[in-house]
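# Working through the structure, step by step
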Amino acid sequence: MDRRTYLAIGAATVLAGCTELGGPGEPDTSDERANDGGTEPTDETSDDDESSEDGDDEGGPENDDEEEYPELVGTFDDFEELEEWWEWQDIGTLEADSSRASLGSQSALLTSSVDSRGQVRVRRELEEPIDVREVAPGLDLATDTDSGVVRIQLQDADAHYVEYSQGFAGGTSLTRHNFGITRIRGEPDLSKVVVLQVIRWFGGDAEGRQWVDDFHFVPRPTQGTVLLQLHGGYETHATEALPRLEDADLPATAFVPTARLREDEAAEGDRLTGEQVDDLAAAGWTIGAQSANGQPLDGVDSDALEEAVVDPSDWLSEAGYGDDVRVFAYPGSRYTDESYELVQEHYDLAFAGRSRSQGYAGNPHLCSMAETPDPGDATDLLEWTAEWGGITAIPFYELDGESKLEALEETLRSLEEHVEAGELEVITPAEMAEEYVYE
């Protein structure tokens, strides 16, 4: 597939959970697997808002693909005019910034202060309702402050809403992000959304700046769609995960830090051997890459980035693993502008961030992942995806304990049930690149 060159490049991405409410709140905590694949935060809360009416579907650019997309797909608001947006309850400030833009001549700058309780909320009331049942919203995002989560709420006339979220770190350039459904309040009528609300939480009384541009919609699969992922190249992926996935007859992807592979099973360490990677590929797994040593890319010096990002891509090609699709996972969901550019150039898909039930990938190099489920959580995660649709990538890391194996087994049992009932389908990265990327 052709790789898209975006108007702006992204920077370091790390996930942080947060709490959203009408008054001050405290951010959720999240554990970070710095070397092996990402943060695993809990998702959010959000506050109760009133709503009103809206209108102006500006539509989007025509798509040359043969597939027919919902009318809303494309740019909805380019923030060239901010008169229709306003600060809810005077929380934070909103202004135009012509120094940064990914579309048009300006972006919208959201600024919090001590008085705004560490958050910014802006909203637009539509003159006519819009139908969002088959689409998902997205934004181009940038910040020069601490990590956090941006949320998009789509509200009906009764202030019931569906909330989409995505998170990232400080120091980012304006980059398109894929958002996923992380909260439902009430029973929203998604055929008649009349309020758009964008929320940025900085935490406590923190001051911060958040740029947003190109409020857009992408198609959203109404059929729940799942990808299974194993991150870190651990030997337990061959000894524990492989037989369980073979029994379930489900495909998976192994993201391998190529420089950490062992020569053979007699060598010290807990990583896969080259022969075990071959076994995974022979069983139908997709073999993807991480940075060569599994190091988060925001910690790699510029002169070592080629080795960290490009060498694994070359290894995939030489081993015959990247023929259908070259796929990458950012360790810790962290990267820099420079490393992100290299990933765009050398891979078809890449995964970072934390969200479930995302729409089509408006940015295929920042596809989202859900949190790794604990025992008891996997069934709920899959039921959520079956009910709300979208694409949920489920990552697992080292399977070195009973609870981690239990979570994997629960995931596979629940998946088999939903697949058999026709409520979910499991896809490969090649299928996602072919069918679920919107450019």
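Only a predicted model underlies this, so the values are computations on that prediction, with no experimental measurement involved. (Residues numbered from 1 in each chain as written. Predicted model: local features only at pLDDT ≥ 70, side-chain atom pairs only at ≥ 80, totals over all residues. Heavy atoms only, no water.)

A few words now on the pattern of salt bridges. Tallying each qualifying case throughout the model produces 14 salt bridges. Measuring nitrogen to oxygen at the nearest pair gives 2.7 Å for the salt bridge that ties arginine 124 to aspartate 77. Note that arginine 124 is positioned in strand 7 (residues 119–130) and aspartate 77 in strand 3 (residues 74–77), a separation of 47 residues in sequence. There is no split in this pair, since arginine 124 and aspartate 77 are both buried. In this structure, arginine 151 and glutamate 163 form a salt bridge, with 3.7 Å as the shortest nitrogen-oxygen distance. Taken as a pair, arginine 151 in strand 9 (residues 148–155) and glutamate 163 in strand 10 (residues 161–168) lie far apart in primary sequence, 12 residues in all. When sorted by exposure, arginine 151 lands in the same class as glutamate 163, which is buried. Within this structure, Asp77, Glu84 and Arg124 form a network of salt bridges that share partners. (Salt bridge = Lys/Arg side-chain N within 4 Å of Asp/Glu carboxyl O. Helix = DSSP H or I, 4+ residues; strand = E, 2+ residues; numbered from the N terminus. Buried < 20%, exposed > 50% of the residue type's maximum accessible area, 1.4 Å probe, protein only.)

The strands making up a sheet associate through hydrogen bonds between their backbones, and the pairing can be parallel or antiparallel. Within the open sheet, the six strands sit side by side as 4-7-13-9-10-12. Their pairing is antiparallel. Looking along the sheet, the strands with just one partner apiece sit at the ends: strand 4 (85–87) and strand 12 (180–185). Here the average twist between neighbouring strands, direction ignored, is 25 degrees. In the sheet, strand 9 pairs with strand 13 (residues 193–201) via seven bridges, with the strands oriented antiparallel. Bridge assignment links glutamine 153 to a residue of strand 13, and that residue is glutamine 197. (Pairing = 2+ DSSP bridges. Axes fitted to C-alpha atoms, helices over the stretch in contact; angles between N-to-C directions.)

What follows concerns the nonpolar core. Of all hydrophobic cores here, the largest spans 57 residues; its most connected members are Leu139, Leu154, Phe215, Phe351 and Met432. Excluding anything up to four places from it in sequence, leucine 154 contacts Val132, Pro137, His160, Tyr161, Val162, Tyr164, Val193, Val195, Leu196, Phe215 and Phe217. (Core = buried A, V, L, I, M, F, W, Y, C linked by side-chain atoms within 4.5 Å. Contact = heavy atoms within 4.5 Å.)

For the rest of this paragraph, the subject is the packing of helix 3 (residues 305–319) against helix 4 (residues 337–346). Relative orientation of the contacting elements helix 3 and helix 4 amounts to 15 degrees, with a least axis distance of 10 Å. The angle between helix 3 and helix 4 places the two elements in the roughly parallel class. Helix 3 and helix 4 meet at a crossing whose hand is right-handed. Of the residues in helix 4, those touching helix 3 at Leu305, Glu306, Val309, Val310 and Ser313 are Glu338, Ser339, Leu342, Val343 and His346. A breakdown of the residues in the contact of helix 3 with helix 4 according to their chemical character gives five nonpolar, three polar and two charged. (Parallel < 35°, antiparallel > 145°, perpendicular 65-115°, else oblique. Left-handed = near helix turned anticlockwise from the far one by under 90°. Nonpolar A, V, L, I, M, F, W, Y, C, P; charged D, E, K, R; others polar.)

Time to look at a negative patch on the surface. Together, Glu306, Glu307, Asp311, Asp314, Glu318, Glu338, Glu341 and Glu345 give the surface a local cluster of negative charge. Looking at the negative patch, the elements that each hand over two or more residues are helix 3 and helix 4. With five residues, the single largest contributor to the negative patch is helix 3. Within the secondary structure, glutamate 341 is located in helix 4. (Patch = residues over 30% accessible without salt bridge, like charges linked within 9 Å, V, L, I, M, F, W, Y side chains within 5 Å. Areas by Shrake-Rupley, 256 points an atom, 1.4 Å probe, with all protein chains shown as cover. Lys, Arg positive; Asp, Glu negative; His and termini not counted. Charge placed at Lys NZ, Arg CZ, Asp CG, Glu CD.)

The element strand 13 is largely enclosed, with a buried count of nine among its nine residues. Across eight bridges, strand 7 lies against strand 13 in antiparallel orientation. The residue bridging valine 122 from the neighbouring strand is valine 198, located in strand 13.

Time to look at the confidence of the model for the protein. Scored by pLDDT, the protein comes out at a mean of 86, with 84% of its residues at no less than 70. Counted against residues more than four places away or in other chains, residues 1–63, with its pLDDT under 50, gives 264 contacts. (pLDDT = per-residue confidence, 0-100.)

Applying the stated criterion to the full structure yields 15 aromatic pairs. The interplanar angle of 45 degrees and the centroid separation of 6.2 Å between the aromatic rings of tryptophan 85 and phenylalanine 215 together place this pair among those described as tilted. Of this pair, tryptophan 85 sits in strand 4 while phenylalanine 215 sits in strand 14 (residues 208–219), and the two are 130 residues apart along the sequence. Relative accessible area serves as the criterion here: at 4%, tryptophan 85 is assigned to the buried category. (Phe/Tyr/Trp six-rings, centres within 6.5 Å; stacked < 30°, edge-to-face > 60°.)

Moving on, we get to helix 2 (residues 274–282). Given 3.6 residues per helical turn, the α-helix brings residues three or four places apart onto the same face. The complete set of buried residues in helix 2 reads Gln276, Val277 and Leu280. Burial along helix 2 is one-sided: seen end-on, the buried residues are contained in an arc of 105 degrees. Across helix 2 from its buried face, at more than 90 degrees, point the exposed residues Glu275 and Ala282. Its buried side turned inward, helix 2 meets helix 1 (236–248), strand 16 (253–256), strand 17 (286–289) and helix 3. Positive backbone phi, approximately 100 degrees, marks glycine 284, located one or two places after helix 2. (Arc of directions from axis to C-beta.)

Attention shifts here to helix 3. Helix length check: helix 3, at 15 residues, gives a terminal C-alpha distance of 21 Å against a target of 21 Å (1.5 Å per residue), a fit within 8%. Approximately 30 degrees is the largest bend angle found in helix 3, and it occurs at aspartate 311, with the proline proline 312 only one to four residues beyond. Regarding helix 3, the residues found buried are Leu305, Ala308, Val309, Val310, Pro312, Ser313 and Leu316. Buried positions along helix 3 lie against strand 17, strand 18 (327–329) and helix 4. Positive backbone phi, approximately 80 degrees, marks glycine 320, located one or two places after helix 3. (Expected span 1.5 Å × (residues − 1). Bend = angle between axes of the 7 residues up to and from the residue.)

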